[in-house]
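Structural features, examined
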Amino acid sequence: MYIMGLKSEFDEAKLWVQESLSFDKGDVNLFETTIRVVGGLLSAYHLSHDAMFLQKAKDLGNRMMPAFSTKSGIPYSDVNIKTGRAHAPRWGPDSSTSEVTTIQLEFNDLSYTTGDDKYKNAVGKVRRHVHDQPKKDGLVPIFINAQTGKLRDPATISFGARGDSYYEYLLKEWIQTGKQDERLRRDYIEAMEGMKKHLLRKSKPNGLTYIGELLSGRTFSPKMDHLVAFISGTLALGAHHGLPTDHLDIAKDLLVTFNEMYVQMPSGLSPEIAYFSTDIDAKTDIIVKPPDSHNLQRPETVESLYYLYWLTGDKKYQEWGWNIFQAFERHSKVKTGGYCSLNNVRVAEPSCKDNMESFWLGETLKYFYLLFADKNLLPFDQWVINTEAHPLPIHKH
């Protein structure tokens, strides 16, 4: 709201946060609460300079600190923000690797803005610990145990679910801290080289560039989640900040593929997951299985269109974004209000799911707005945008 200049709506929301937002709740997920709520409150503080938002962020940050009370320093995935009791997820003993390594921007900023180093010290210990773990050419398995601190081996290596933002935050934390931490830069570069070596492929017969997965860390699968689309924007942002120029070339090639995941569907909207043909005689490069054909209003492709447009000036990225937006307007808009997720993008008229994802408002629509704005409202040398689309300032040392 603040970025869009909706002052009266922002003031109304601010009043609700001030008077009604309470953290006397039960269990929350550390990662989701950090990127959405702490990140959102800190972003609102930096944009508006209203200290109330910072006090709320500090309160919530303090309530989540017990999650780091493990032998290894790797945080538990869940914490009760009323009682302070933290624990592993209900479904198993491990945390997702991406989750424990995608809280650094927010806790770092909490330390910068409050002057209390305990927040950045906690997440810094996590970062150093994961840095010291054995990897496959910089690539990490998607699970890590909070008690032992060990990455699960074997486990899938993926730039999709449970792996994605580990790589995103290596770059963005390096940028946030004024490019001072050489370890972060090296880890990111090594991971991108590992991605090129083990995961980056061309489909057949038409040669679409995609990033697959390594099942059990060894067996290649030509599967790519829509979540992976973040990497085009990340690669382009890294190139802007002085990292290898071929990263921008890869970003462009991948974004062609992510756009094709929309264009080639009868609905004009992307599936949640796609597989890519390895058969030169195949009729199509993109294969969508029935369980993967839904659309959850995800932001990652629009996010990367935003970065690529403002970093290259190529208007085709705005055109692609406009086509995607129009497809959402046709199929996802609900007459009585809101927008819905969709059941099957492989048909021309997909039916609605009875839900609207929160990141549709918090991320997807925000990136649409930023893509079509008259100027880049969040200059890349002043702001770094967290994985939930909340801008935080770059701290130049």
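The structure this text deals with has already been given above.
Residues numbered from 1 in each chain as written. Predicted model: local features only at pLDDT ≥ 70, side-chain atom pairs only at ≥ 80, totals over all residues. Heavy atoms only, no water.

A short note on the overall build of the chain
Heads up, the condition is: Strands here are runs of E lasting at least two residues and helices are runs of H or I lasting at least four, both read from the DSSP assignment and numbered beginning at the N terminus. Burial classification: accessible surface area is computed with a 1.4 Å probe over protein chains only, and a residue below 20% of its type maximum counts as buried, one above 50% as exposed, and the rest as partly exposed. Note on definitions: a residue-residue contact is assigned when non-hydrogen atoms from the two residues lie within 4.5 Å. With residues, only the protein chains shown are counted as cover, and all accessible areas are computed by Shrake-Rupley using a 1.4 Å probe. When charges are counted, Lys and Arg are positive and Asp and Glu negative, with His and the chain ends excluded. Charge placement uses NZ in Lys and CZ in Arg. For Asp and Glu, CG and CD serve respectively.
Scanning the chain for helices and strands turns up 13 helices and 14 strands. Across the 397 residues in the chain, those meeting the buried criterion constitute 58%. Within the chain, contacts between residues at least 6 apart in sequence are counted, and of these 67% link residues at least 24 apart. Per element, the accessible surface of the chain, about 16,500 Å² overall, is 50% carbon and sulfur. Taking the average place of the 47 positive charges on the side chains of the chain and the average place of its 50 negative ones, the gap between the two points comes to 3 Å.

Concerning the sheet that holds strand E12 (residues 286-287)
Selection rule: Strand pairing is assigned whenever DSSP identifies at least 2 bridges connecting the two strands.
A sheet is described by the order of its strands in space; here 3 strands give the open sequence E10-E11-E12, paired in antiparallel fashion. The open sheet terminates on both sides in strands that have one partner only, identified here as strand E10 (223-225) and E12. Here E10 runs beside strand E11 (residues 273-276); their pairing, made up of 3 bridges, is antiparallel. Bridging across to E11, Asp 225 finds its partner in Ile 273.

A closer look at the environment of Lys 396
With respect to the helices and strands, Lys 396 occurs in the segment after strand E14 (391-393). Sequence separation of Lys 396 and Asn 29 is 367 residues, and the distance between their C-alpha atoms is 31 Å. Residues contacting Lys 396, with those up to four places away along its chain left out, are Gly 178 and Asp 381.

Digging into helix H10 (residues 246-263)
Inclusion rule: Expected span of a helix, by definition, is 1.5 Å for each gap between consecutive residues, and there is one gap fewer than residues.
Taking 1.5 Å per residue, 18 residues should reach 26 Å; H10 reaches 26 Å between its end C-alpha atoms and fits that length. Taken as a whole, H10 has its buried residues at His 247, Ile 250, Ala 251, Leu 254, Leu 255, Thr 257, Phe 258, Asn 259, Met 261 and Tyr 262.

Here's the deal with the side chain of Asn 80
Within the secondary structure layout, Asn 80 lies in strand E2 (residues 78-80). Contact partners of Asn 80, with chain neighbours within four places excluded, come to Lys 25, Gly 26, Asp 27 and Arg 85.

Section: the side chain of Gln 104
How we decide: As used in this structure description, the phrase polar contact means that two N or O atoms lie within 3.5 Å; if the pair is within protein, one of them must be able to donate a hydrogen and the other to accept it, and residues adjacent in sequence are counted only when both atoms belong to side chains.
Along the chain, the position of Gln 104 falls in helix H5 (residues 104-114). There is a polar contact of 3.3 Å between the side chain of Gln 104 and the backbone nitrogen of Thr 102. Other than its neighbours up to four places away in sequence, Gln 104 contacts Val 123, Val 126, Arg 127, Tyr 169, Glu 173 and Gln 176.

Points about the pairing of E11
Of the two faces of E11, the one holding Ile 273 and Tyr 275 and the one holding Ala 274 and Phe 276 are both buried throughout. Pairing analysis gives 2 bridges linking E11 to E12, with the strands arranged antiparallel. Opposite Tyr 275, over in E12, you have Ile 287 as the bridge partner.

A closer look at the state of the cysteines
Condition: To count as a disulfide, a pair of cysteine sulfur atoms needs to be within 2.5 Å.
Inspection of every chain in the model, using the stated rule, returns 1 disulfide. Each disulfide pairs two cysteine sulfurs, and for Cys 340 the partner residue is Cys 352, the sulfurs being separated by 1.8 Å. Taking the torsion about the sulfur-sulfur bond, which here is approximately -55 degrees, the covalent link between Cys 340 and Cys 352 counts as left-handed. Of this pair, Cys 340 sits in the loop between helix H12 (316-331) and helix H13 (358-372) while Cys 352 sits in the loop between H12 and H13, and the two are 12 residues apart along the sequence. According to the relative accessible area criterion, Cys 340 is buried, its value standing at 3%.

Concerning unusual backbone geometry
At the junction of Asp 153 and Pro 154, the peptide bond is cis and its omega measures out at 5 degrees in the coordinates. Relative to the helices and strands, Pro 154 resides in the loop between strand E5 (143-145) and helix H7 (164-176). Residue Lys 204 is joined to Pro 205 through a cis peptide bond whose omega torsion reads 10 degrees. Locating Pro 205 in the fold gives a position in the loop between strand E6 (200-202) and strand E7 (209-211). The backbone of Asp 137 shows a phi angle near 50 degrees, a positive value even though the residue is not glycine.

Here's the deal with a nonpolar patch on the surface
Note the threshold: Residues enter a patch when their relative accessible area is above 30% and they make no salt bridge; the linking distance is 9 Å between like charges and 5 Å between nonpolar side chains (Val, Leu, Ile, Met, Phe, Trp, Tyr). Put simply, a salt bridge is a Lys or Arg side-chain nitrogen that is within 4 Å of an Asp or Glu carboxyl oxygen.
A contiguous nonpolar surface patch, about 350 Å² in accessible area, is contributed by Met 1, Met 4, Leu 6 and Tyr 369. Considering the arrangement of structural elements, one finds Leu 6 in the segment before helix H1 (7-20). Under the relative-accessibility criterion, Leu 6 is labelled partly exposed at 32%.

Some words on the nonpolar core
A general trend in soluble globular proteins is that nonpolar side chains are found buried together. The condition is simple: Here the nonpolar core consists of buried residues drawn from Ala, Val, Leu, Ile, Met, Phe, Trp, Tyr and Cys, with membership extended through side-chain atoms lying within 4.5 Å.
If you look at the biggest cluster of nonpolar residues, it comprises 113 residues, and the most contacted ones within it are Phe 159 and Ile 231. Considering each element in turn, this core owes the most residues, 8 residues, to helix H2 (residues 30-48). Contacts of Ile 231, omitting those with residues within four sequence positions, involve Phe 159, Met 192, Ile 211, Leu 254, Phe 258 and Ser 304.

Considering the sheet that holds strand E1 (residues 27-29)
One open sheet holds the 3 strands; their spatial order is E1-E2-E3, and the pairing between them is antiparallel. Of all the strands in the sheet, just E1 and strand E3 (86-87) have a single pairing partner and so form its edges.

Description of helix H6 (residues 118-132)
The terminal C-alpha atoms of H6, which comprises 15 residues, lie 21 Å apart, in line with the 21 Å expected from a rise of 1.5 Å per residue. For H6, the set of buried residues is Tyr 119, Ala 122, Val 123, Gly 124, Val 126, Arg 127, His 129 and Val 130. Contacts made by the buried residues of H6 are with helix H3 (51-64), helix H4 (97-100), H5, E5, H7 and helix H8 (182-198).

Quick word on the packing of aromatic side chains
We count it as follows: Whether two aromatic rings pair depends on their centres lying within 6.5 Å, for rings of Phe, Tyr and Trp, where Trp uses its six-membered ring; planes under 30 degrees apart make the pair stacked, over 60 edge-to-face, and the rest tilted.
Tallied over the full model, the rule gives 20 aromatic pairs. An angle of 45 degrees between the planes, with centres 5.8 Å apart, marks the rings of Phe 10 and Phe 53 as tilted. A residue pair is termed long-range when its members are at least 10 positions apart, and Phe 10 in helix H1 and Phe 53 in helix H3 qualify at 43 residues. For the pair Phe 10 and Phe 53, a shared accessibility class is recorded, and that class is buried. Relative to Phe 368, the ring of Phe 325 has its centre 5.2 Å away and its plane inclined at 70 degrees; by these criteria the two rings are edge-to-face. With a gap of 43 residues between them, Phe 325 in helix H12 and Phe 368 in helix H13 connect regions that are remote in the sequence.

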